[in-house]
Amino acid sequence: MSKKLGIDLYLHKLQTIASAGYGIGLNIRFAAPAMTFRTYPREWIEIYNNNGYMFSDPMISWGFAQLGTCRWSEMDVPDPQNVMAQARAHGMNYGIVISYGSIATRSLAGLAKVEREFTDVEIIECQRIIERLHNETAPPEQMTYAQIEALQLVATGGRHSEVAAQIGISESALKARLKSARERLLARTTAEAIQRASEYKLL
């Protein structure tokens, strides 16, 4: 099973548990996550983004101060902008926060339900899934010279045929290198692979 398929299966499982959606930031480094996934109500996501609530969100504050899990109802964190109350107004009545990883590369997740609190069993299952997602999406320590070279040259705007000729390989060989780079970086497109490689300081 490919890593991408595994990630999709984990996310699907989370969605079956979190009836009101989730927000996940994986392997956060230098304040930017390597990957994000959000299924909260669209209207709430827009309000959250437009008001910059990530800077005052009690979940994020808790998640960077602690490791483990906590129900939203049990968080003892200031909420000056009433983020949690506004979330409840959009159907996210109950929830949990999960924090995993080192302070240098942390993953945070918030999961919500409409109807009831998360059970202890559900919390443990969600925590295990977030840990697996964190580990499977960890930035690669390094890439091959061929992968880096291919991404760098394509990043300058060269066409595949031009880049292949510059390197001295066939166009199909170049495409194979780009595909292997995308797979290593868990990127769907070459542009996304270039962006991630740059963020990871691999280029």
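Before reading on, note that the structure itself is shown above.
Residues numbered from 1 in each chain as written. Predicted model: local features only at pLDDT ≥ 70, side-chain atom pairs only at ≥ 80, totals over all residues. Heavy atoms only, no water.

Asker: Can you walk me through the overall build of the protein in this structure?
Answerer: In terms of regular secondary structure, the protein is built from nine helices and five strands. Beginning at the N terminus, the succession of helices and strands in the protein can be written as α-β-β-α-α-β-α-β-β-α-α-α-α-α. Looking at the protein as a whole, 43% of its 203 residues qualify as buried. A separation of at least 24 residues holds for 60% of the contacts in the protein among residues at least 6 apart in sequence. (Helix = DSSP H or I, 4+ residues; strand = E, 2+ residues; numbered from the N terminus. Buried < 20%, exposed > 50% of the residue type's maximum accessible area, 1.4 Å probe, protein only. Contact = heavy atoms within 4.5 Å.)

Asker: Looking at this structure, how should I read the nonpolar core?
Answerer: Burial of nonpolar side chains together is a common tendency in soluble globular proteins. Counting residues in hydrophobic clusters, the biggest one holds 22 residues, and the most contacted among them are Leu11, Leu14, Ile24, Leu111 and Leu133. Counting only elements with at least two residues in this core, the list comes to helix H1 (3-17), strand S1 (21-28), strand S2 (35-38), strand S4 (94-102), strand S5 (105-113) and helix H5 (120-136). Sequence-distant contacts of Leu133, that is, excluding residues within four places in its chain, are made with Ile7, Tyr10, Leu11, Leu14 and Leu26. Residues Met143, Leu153, Leu174 and Leu178 belong to the second largest nonpolar core, which totals 19 residues. (Core = buried A, V, L, I, M, F, W, Y, C linked by side-chain atoms within 4.5 Å.)

Asker: Hey, could you run me through empty space enclosed by the protein in this one?
Answerer: The method is simple in principle: a probe with the dimensions of a water molecule rolls over the atoms, and the space it marks as empty is what remains. For the structure on display, the rule yields one cavity of 30 Å³ or more. Computed from the structure, the largest cavity encloses a volume of approximately 30 Å³. In this structure, the largest cavity is lined by Glu136, Thr137, Ala138, Pro139, Pro140, Arg184, Leu185, Leu186 and Tyr200. (1 Å grid on protein atoms, 1.4 Å probe; cavity = no way out; pocket = protein on both sides within 12 Å on 5 of 7 lines; lining within 4 Å. Points joined across faces, edges and corners; volume = space filled by probe spheres on them.)

Asker: Please clarify how H5 should be interpreted in this entry.
Answerer: Over its 17 residues, H5 extends 24 Å from the first C-alpha to the last, a length consistent with the 24 Å expected when each residue adds 1.5 Å. Buried residues of H5: Glu122, Ile123, Cys126, Ile129, Ile130, Leu133 and His134, and no others. One side of H5 carries all its buried residues, which in axial view fall inside an arc of 140°. Residues of H5 that are exposed and point over 90 degrees away from its buried face: Asp120 and Val121. (Expected span 1.5 Å × (residues − 1). Arc of directions from axis to C-beta.)

Asker: Honestly, the state of the cysteines in this entry has me stumped. Any pointers?
Answerer: Cysteine pairs can be linked by a disulfide, which is a covalent bond between their two sulfur atoms. The full count for this structure, using the stated rule, is zero disulfides. For Cys70, which is in no disulfide, the shortest distance to another cysteine sulfur is to Cys126 and amounts to 14 Å. Given a relative accessible area of 11%, Cys70 falls into the buried group. According to the relative accessible area criterion, Cys126 is buried, its value standing at 0%. (Disulfide = S-S within 2.5 Å.)

Asker: What exactly am I supposed to notice about the side chain of Arg196 here?
Answerer: Looking at the secondary structure, you find Arg196 in helix H9 (residues 190-199). Note on Arg196: relative accessible area 9%, which makes it buried. Polar side-chain contacts of Arg196 include one of 2.6 Å to the side chain of Glu192. (Polar contact = N/O pair within 3.5 Å; in protein donor to acceptor, adjacent residues only side chain to side chain.)

Asker: Got a minute to help me understand the layout of surface pockets in this structure?
Answerer: Here the largest pocket is characterised by a volume of approximately 670 Å³. As for the largest pocket, its lining consists of 30 residues, of which Gly25, Arg38, Tyr48, Met54 and Ile60 are closest to the centre. When residues of the lining of the largest pocket are traced back to their parent elements, those giving at least two are S1, S2, helix H2 (42-50), helix H3 (58-65), helix H4 (83-89) and S5. Each residue belonging to the lining of the largest pocket can be placed in one class, and the counts come to 22 nonpolar, six polar and two charged. (Nonpolar A, V, L, I, M, F, W, Y, C, P; charged D, E, K, R; others polar.)

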